[in-house]
Amino acid sequence: MNSSDLRTSFLEFFESKGHTIVPSASLLPTSPNLLFTNAGMNQFVPYFLGERVPVHRRIADTQKCIRAGGKHNDLEDVGFDSYHHTFFEMLGNWSLGDYFKAEALRWSWELLTQVWGMPKERLYVTVYDPAPGAPAEFDHEAWEIWAEILSADGLDPHLHIKKNPDCFWMMGDTGPCGPCSEMHLDTTEANDTNGALVDANSPYCMELWNNVFIQFNALEDGSFVPLKERHVDTGLGFERVAGIMATSKGFSNYSLPPSNYDSDLFTDLFDFLSGLCDHRYQQTIPDDRDHMNEVETKDCAFRVLADHARTLCCAIADGILPGNEGRNYVLRRILRRGVLWANRLNLRAGSLEKLVGPVVEKLGPVFPELSQQVDVIERVIASEEAAFERTIDRGLVMLDRLTDEASSEISGKDAFTLYDTHGFPLDLTQMVARERELTVDTEGFSQEMEQQRERARAGQKRIAVTVVDSDTDAKGSTRFVGYEADHLSNVEARITDIVYDRDKIFLVTDRTPFYAELGGQIGDRGSATVEGRELRISNTVYDVGGRCLHELASAPEIGSDWKPRSASISLSVDEGRRREIQRHHTATHVLHWALREVLGRHVRQAGSLVSQSRLRFDFSHFEQPSANQMREIETLANERAIENAGVTWFEVPFHEKPDDSLAFFGDKYGDIVRVVDIGGWSRELCGGTHVTATGEIGLIKVVGESAIAAGIRRIEAVVGATSLQLVEENFGLVQRFAQRLSCSVSELDQRFGNLLQQKGNLEKEIRGFRKKDVTELANLLATRASNRSGIPWMAKSVNLPDPGEMRNLAVQLSRKFDEHVIILGGVFKGKVNVLALCSEKAIASGFQAGNLVREITQRLGGNGGGKPDFAMGGGPDAGNLDAVLEDI
Ligand code: SER
């Protein structure tokens, strides 16, 4: 059985037990608290909690998982041993309120021993036995079920069942959880450990399968609330089983140490790598990772490259691109780690890209998104590798200097500068340092990093609010009532607090139609009437407690002792401005949709700004979109605008949001989210305000596209009144051009072409004249050269159009005399320029161009100098040039 047969046989086995096979969920988790999908059960959480009703109660799949960064971080171990991975598949079967322990355990035993033929006497299982104070009780039920299963197969339950206090599985600190039961296979050659290696971190006895009996919901206060229904969640390590099966030749030979990397999932990639470099994988595992021999190093590099290439391909196919923050940064680190290890095989940047084909060939049949996006994956990896190679080159220049200077250690400060300014990772600095027998002060590096974080924290823009004595509840958040267009003026509310911050005054109310700056949309402006007095509101922002702060425009006139007697207030938003903001906001969603249509599904929001006069949208994409693509994006967006599609919104619990709705990951979403739907083709989680139909947007005009970071692009556009104004201005400009050239607008292009051609011809002619002028001048001056100590000498002021011509003249003159001292001066744009040329013999006779220019320019109130053979300078005193040259 190869790995593919193994996967299929798992799924077919559970299909035969009434399970529906579902596709793997995306590696981009729906839970905002996770960096990556890291377990098969992630996608089933809402069903466990009873928030969603399942269509199928028995499900099985293979789930793509990444454990890197965050809580489960295996990244730094990958390569050095036989079983750590950043990417792996978790085979799983689920009962959503259907079967429970007996079926789950019996089936897992049946599959391992009868279908796959694992030797029963090598299998050990665990059951939960809580430590004092831990949740739930000793899992008698699981023990009894196992005892029956094992006894029937002639095994001693007391030997093969291990009690374990850690067998309680939790996804995180909160959420669905329950006792679990693991299955371990002893792969020691003699099989005489009697289960002593179970849960002892031994590569010879690995946990293969975990059966979790989900029964509780862990709450933040530390309590465990029983769930309405009981569920089963199992996770089987696919690479582990495939690896052991390969090493042990179908579970029959235990003479070699087991390794996940022995299965065809990896060996096919290793064979490909051997074709790129001069190494064949030799299955060595280092005893000491700091002192590896050459073969160990190269084997380690093979494992790293194969693992990281799989991770990169699968993550990118799911729209996670290398970047600067969060999960994107983790991915960038994985890629960079891969490039560094490739260097140890003497492979240059580009080798990870080469691995994309073989990875997709292996995994594409199971995860079709890989085959569909192979081009995108290759291009993303290629551009990241190239960017990192440039980083390495820049950093190496500085490192060369540092290692020349360093006695035995590179300081933390220098290592930090390399990291911060040159993007040179610490592990790379350490690697280079090691090669040069130097150490790196990592503690100093951490201190520098911490200091920088402090600086960043201190520099954060914060509104330090000082709450005046208030007789209302200052803590309650403000209710926003301004989504509807007919509800923006004369909204009655109550003042709950007045906040003074230096020379600013903010009003806090219990409700408001004013949108406070959030999610890129800027805050509203407008007016408030308090006790008959109209006050202008110049901005609206949130404070940390979710209160809307209405900033008063004329705080100085109002004065810090202002305090109305009545809490009643009437609020009116500047509706014209708000409408323009809304146009730009809806246009942002439309452009986001168009970007994904044209550039691909990997495009995701990375930031945005929506104001009344422009929009800015940052998105993940690995290269500059072509001019054609940009045109297509703008055209598509405008087609959608004039289609006048309806814009609607609804609120749903986060877990019930439609699957296709785009969320700005990195944002924290509450339990209830607002989904903005445009025409059924665009759905985004968004708290902002929008037009009611896309026709209101008007013309969408893209005014800029640029790179703002590696893998992040920025598009800028204007709509509504601003795009109208822009079109009018540009149209007017074109009309004026046509008038001045006495032609029609349609003839402009041709006219300009002709004019440019004429200009070019004239310039060429002028250059010819000048050349002739300079040649004639050189001939003339040559006749006037004097002679000092046998060397032709001249010091003249000349009248030429620019200093470049003066240099030409000097060169022509120097060619006329083998030996010479030539000094020329001229006035250009009111300033004097002087240059001097001295031949070899002139220098030997004591003339120095540098000294001559220095003396002349000093006498002209300026400065200059240079080498003995050539020097230049200048000065302000143009009136004195002739006299000084005469004198010299
Ligand atoms: N949730 C369990 C795990 O991840 C079993 O699937 O180990």
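Computed from a predicted model, the values in this text were never measured in an experiment.

A word on the overall build of the protein. When helices and strands are counted, the protein shows 24 helices and 33 strands. The C-alpha atoms of the protein give a radius of gyration of 37 Å, which is well past the 29 Å a tight globule of 888 residues would have. Each of the three principal axes of the protein carries a C-alpha extent, and together these read 120 × 85 × 60 Å. By residue count, 51% of the 888 residues in the protein fall in the buried class.

Summarising the model, the protein shows a mean pLDDT of 89, and 95% of its residues fall at 70 or more. Scored below 50 in pLDDT, residues 665-669 shows 11 contacts in the model against residues more than four places distant or in partner chains.

Attention now moves to the packing of aromatic side chains. Going through the model one piece at a time under the given rule, you end up with 30 aromatic pairs. Seen in terms of ring centroids, Phe-10 and Phe-14 are 4.9 Å apart; in terms of plane orientation they differ by 50 degrees. Their pairing is tilted. One end of the pair, Phe-10, and the other, Phe-14, are both in helix H1 (residues 3-16), 4 residues apart, so they sit about a helical turn from each other. Each member of the pair, Phe-10 as well as Phe-14, carries the same accessibility label: buried. Aromatic pair Phe-168 and Phe-224: ring centres 5.7 Å apart, planes at 90 degrees, arrangement edge-to-face. Placement of the pair is Phe-168 in strand S6 (residues 168-170) and Phe-224 in strand S9 (residues 224-237), with a sequence separation of 56 residues.

This next bit is on the site of the ligand. Surveying the vicinity of the ligand reveals the residues Ala-39, Met-41, Arg-67, Met-90, Trp-169, Asn-210, Val-212, Asp-233, Thr-234 and Gly-235. Contact distances for the ligand include 3.4 Å between an oxygen atom and a side-chain N or O atom of Trp-169. Note that an oxygen atom of the ligand is positioned 3.2 Å from one of the backbone N or O atoms of Gly-235. Here the ligand has 230 Å² of accessible area as a free molecule, and 94% of this is covered by the chains. The set of elements that each furnish at least two residues to the shell around the ligand consists of strand S8 (205-218) and S9. At 3 residues, S9 tops the list of elements feeding residues into the shell around the ligand.

This brings us to helix H8 (residues 294-317). Counted at 1.5 Å a residue, the expected span for H8 with its 24 residues is 34 Å, and the 34 Å between its end C-alpha atoms agrees. Among the 24 residues that make up H8, 22 are buried, leaving the element largely enclosed by the rest of the structure. A side-chain oxygen of the first residue of H8 lies 3.2 Å from the backbone nitrogen of Val-295; this N-cap is Asn-293. Positive backbone phi, approximately 85 degrees, marks Gly-319, located one or two places after H8.

The subject of this paragraph is the environment of Ala-68. Looking at the secondary structure, you find Ala-68 in the loop between strand S2 (58-66) and strand S3 (87-95). Residue classification places Ala-68 among the buried residues on the basis of a relative accessible area of 2%. Sequence separation between Ala-68 and Leu-35 is 33 residues; the distance between their C-alpha atoms is 8.4 Å.

Turning next to the sheet that holds strand S25 (residues 682-685). Strand order in this open sheet of 3 strands is S23-S24-S25, and the pairing throughout is antiparallel. With partners counted over all chains shown, the strands left at the sheet margins are strand S23 (647-653) and S25, one partner each. Strand-to-strand twist in this sheet, taken as the mean axis angle between neighbours without regard to direction, amounts to 25 degrees. Relative to S25, strand S24 (residues 672-678) runs antiparallel, the two being bridged by 4 bridges. Following the sheet pairing, Ile-678 is matched in S25 by Ser-682.

Moving on, we come to the packing of H1 against helix H6 (residues 238-247). For the pair H1 and H6, interaxial distance at closest approach is 10 Å and the crossing angle is 125 degrees. Judged by the inter-axis angle, H1 sits oblique to H6. In this structure, the crossing between H1 and H6 has a hand that is right-handed. Between H1, through Ser-3, Leu-6 and Arg-7, and H6, the contact on the second element is made entirely by Phe-238, Val-241, Ala-242 and Met-245. Across the contact of H1 with H6, the residue classes break down as 5 nonpolar, 1 polar and 1 charged.

Moving on: the nonpolar core. Among the nonpolar cores identified, the biggest contains 119 residues, and Trp-116 and Trp-146 are the most heavily contacted of them. When residues of this core are assigned to their parent elements, the largest contribution, 13 residues, is made by H8. For Trp-146, the contacting residues outside a window of four places in its chain are Leu-105, Ser-108, Trp-109, Val-125, Thr-126, Val-127, Ile-161, Ser-181 and Met-183. With 30 residues, the next largest nonpolar core counts Leu-591, Trp-681, Ile-697 and Ile-715 among its residues.

This part takes up the environment of Asn-253. Tracing the sequence through the fold places Asn-253 in the loop between H6 and helix H7 (264-274). Residue class for Asn-253 comes out partly exposed when judged on its relative accessible area of 33%. Separated by 241 residues in sequence, Asn-253 and Glu-12 have C-alpha atoms that sit 27 Å apart. Within the local environment of Asn-253, its side chain forms a polar contact with the side chain of Ser-255, the two groups lying 2.7 Å apart.

Below, the discussion takes up a nonpolar patch on the surface. A contiguous nonpolar surface patch, about 310 Å² in accessible area, is contributed by Leu-733, Phe-737, Phe-752 and Leu-755. Sorting the residues of the nonpolar patch by element identifies helix H19 (720-740) and helix H20 (748-783) as the ones contributing at least two each.

Attention now moves to unusual backbone geometry. One non-glycine residue, Gln-283, lies in positive phi territory at about 65 degrees. Within the fold, Gln-283 resides in the loop between H7 and H8. Look at Gln-283 and you get partly exposed, because its relative accessible area is 46%. Look at Lys-829: it is not a glycine, yet its phi comes out positive at around 50 degrees. Summarising the element assignment, Lys-829 is placed in the loop between strand S30 (821-828) and strand S31 (831-838).

Spatially, the 6 strands line up as an open sheet ordered S28-S29-S30-S31-S33-S32, and their pairing is mixed. Strands at the two margins of the open sheet, each flanked by one partner only, are strand S28 (786-788) and strand S32 (863-866). Averaged over all adjacent pairs, the angle separating strand axes in this sheet is 20 degrees, with direction ignored. Against the sheet, helix H21 (residues 803-816) touches strand S29 (791-797), S30, S31 and strand S33 (870-875), its axis set at about 165 degrees to S30.

A word on the state of the cysteines. As enumerated under the stated definition, the model contains 0 disulfides in all. For the unlinked cysteine Cys-180, the closest cysteine sulfur is that of Cys-167, found at 4.4 Å. Distance from the sulfur of Cys-314, which forms no disulfide, to the nearest cysteine sulfur (Cys-313) is 6.5 Å.

Here is what the cut-offs are and how they apply
Residues numbered from 1 in each chain as written. Predicted model: local features only at pLDDT ≥ 70, side-chain atom pairs only at ≥ 80, totals over all residues. Heavy atoms only, no water. Helix = DSSP H or I, 4+ residues; strand = E, 2+ residues; numbered from the N terminus. Rg over C-alpha atoms; globule rule 2.2 N^0.38 Å. Buried < 20%, exposed > 50% of the residue type's maximum accessible area, 1.4 Å probe, protein only. pLDDT = per-residue confidence, 0-100. Contact = heavy atoms within 4.5 Å. Phe/Tyr/Trp six-rings, centres within 6.5 Å; stacked < 30°, edge-to-face > 60°. Near = heavy atom within 4 Å. Polar contact = N/O pair within 3.5 Å; in protein donor to acceptor, adjacent residues only side chain to side chain. Areas by Shrake-Rupley, 256 points an atom, 1.4 Å probe, with all protein chains shown as cover. Expected span 1.5 Å × (residues − 1). Pairing = 2+ DSSP bridges. Axes fitted to C-alpha atoms, helices over the stretch in contact; angles between N-to-C directions. Parallel < 35°, antiparallel > 145°, perpendicular 65-115°, else oblique. Left-handed = near helix turned anticlockwise from the far one by under 90°. Nonpolar A, V, L, I, M, F, W, Y, C, P; charged D, E, K, R; others polar. Core = buried A, V, L, I, M, F, W, Y, C linked by side-chain atoms within 4.5 Å. Patch = residues over 30% accessible without salt bridge, like charges linked within 9 Å, V, L, I, M, F, W, Y side chains within 5 Å. Salt bridge = Lys/Arg side-chain N within 4 Å of Asp/Glu carboxyl O. Disulfide = S-S within 2.5 Å.

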